[in-house]
Amino acid sequence: MGGYEDIEGFHYGQEITFAADGRPALGYVSHTWWADEPRDGREPGSPLATETGFWRVQPGEDGGSVVEVTLAHPFGIAEIYVGTVTGTRVDLDHNVLIRTATARDVTRSVRLYGIVEGGDLAYAIDMEAEGKPLQSHLSARLHRVTD
Ligand code: HEM
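Since the structure is predicted, the reported quantities are computational estimates derived from the model, not experimental observations.

Colleague: Describe a nonpolar patch on the surface, with residues and values.
Modeller: A cluster of nonpolar side chains, namely Ile80, Val82, Val96 and Ile98, defines an oily patch on the protein surface of about 330 Å² accessible area. Of all elements in the fold, only strand S7 (77-86) and strand S8 (89-99) reach the threshold of two or more residues within the nonpolar patch. By the element assignment, isoleucine 80 lies in strand S7.

Colleague: Now, about the packing of aromatic side chains: what can you tell me, with residues and values included?
Modeller: We describe a pair of aromatic rings using the distance from one ring centre to the other and the angle between the two ring planes. Per the stated rule, a full pass over the model turns up 7 aromatic pairs. Relative to tyrosine 28, the ring of phenylalanine 18 has its centre 5.4 Å away and its plane inclined at 55°; by these criteria the two rings are tilted. With a gap of 10 residues between them, phenylalanine 18 in strand S3 (residues 12-19) and tyrosine 28 in strand S4 (residues 25-34) connect regions that are remote in the sequence. Its relative accessible area of 36% is what places phenylalanine 18 among the partly exposed residues. Look at tyrosine 28 and tryptophan 55: their rings are 5.8 Å apart centre to centre, the planes differ by 45°, and that puts the pair in the tilted class. Taken together, the residues span a long stretch of sequence, with tyrosine 28 in strand S4 and tryptophan 55 in strand S5 (residues 47-59) at a distance of 27 residues. By the burial criterion, tyrosine 28 is buried, and tryptophan 55 matches it. Grouping aromatic residues by their ring pairs yields a cluster made of Phe18, Tyr28, Trp55, Tyr113 and Tyr123.

Colleague: Residue-level account of the UniProt feature "binding site: heme b" in the protein, with values.
Modeller: Those places that UniProt annotates as "binding site: heme b" correspond, in this numbering, to His137. Secondary-structure assignment places histidine 137 in strand S11 (residues 132-142). Ignoring anything within four residues of it in the chain, the contact list for histidine 137 reads Met1, Gly2, Gly3, Tyr4, Phe10, Ile125, Asp126 and Met127.

Colleague: Help me get a handle on unusual backbone geometry, residues and values and all.
Modeller: Its identity as a non-glycine residue notwithstanding, aspartate 40 has a phi of 50°, on the positive side. Checked against the element boundaries, aspartate 40 lands in the loop between S4 and S5. Notably, aspartate 62 is not glycine yet its phi reads approximately 55°, a positive angle. As for its position among the elements, aspartate 62 is in the loop between S5 and strand S6 (65-73). With a relative accessible area of 82%, aspartate 62 lands in the exposed category.

Each value, and the rule that gives it
- Residues numbered from 1 in each chain as written.
- Predicted model: local features only at pLDDT ≥ 70, side-chain atom pairs only at ≥ 80, totals over all residues.
- Heavy atoms only, no water.
- Patch = residues over 30% accessible without salt bridge, like charges linked within 9 Å, V, L, I, M, F, W, Y side chains within 5 Å.
- Areas by Shrake-Rupley, 256 points an atom, 1.4 Å probe, with all protein chains shown as cover.
- Salt bridge = Lys/Arg side-chain N within 4 Å of Asp/Glu carboxyl O.
- Helix = DSSP H or I, 4+ residues; strand = E, 2+ residues; numbered from the N terminus.
- Phe/Tyr/Trp six-rings, centres within 6.5 Å; stacked < 30°, edge-to-face > 60°.
- Buried < 20%, exposed > 50% of the residue type's maximum accessible area, 1.4 Å probe, protein only.
- UniProt positions renumbered as here; feature names shortened; annotations may be inferred.
- Contact = heavy atoms within 4.5 Å.

What follows is the structure, encoded as structure tokens:
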């Protein structure tokens, strides 16, 4: 489910692929598509946001883990989150964000991921953009499939 201040809520589909090669950084690609009634020229299946990057897990203090997530977006924004892993929960709460002159005015975002019942991956992304306060933009629950 997606939405934002002044944007009517919408449903989207998503496929995320994590790729592991034994080293401590997982490759990450996310594709999304419109999954609601036709609106603003979008039909069910029309491509929406995509993002790609790496999730790098490092030992933290007190036996915990630190995760560094580097993401690139096709609309002129790149982000690095530094977060913590606690059990099956990942809090990406410290965010560096850079953008080109033509990119939308996104100033900060915060993400929470967790493995929930049945092994699903649930997440919530809050965003501060266009001069509006930090608030929910996206949340979803994804089922795991393996090739
Ligand atoms: C699951 C991934 C995402 C989906 C499905 C998604 C979808 C959408 C949709 C449908 C809109 C409203 C229509 C439009 O303006 O195009 C929107 C607006 C927006 N999105 Fe996303 N988005 C995603 C990820 C992101 C990310 C990662 C960022 C920032 C880094 C972002 C930043 C924005 C901004 C700034 C707006 C405009 C907000 C406003 O006008 O107030 N989106 N998004």
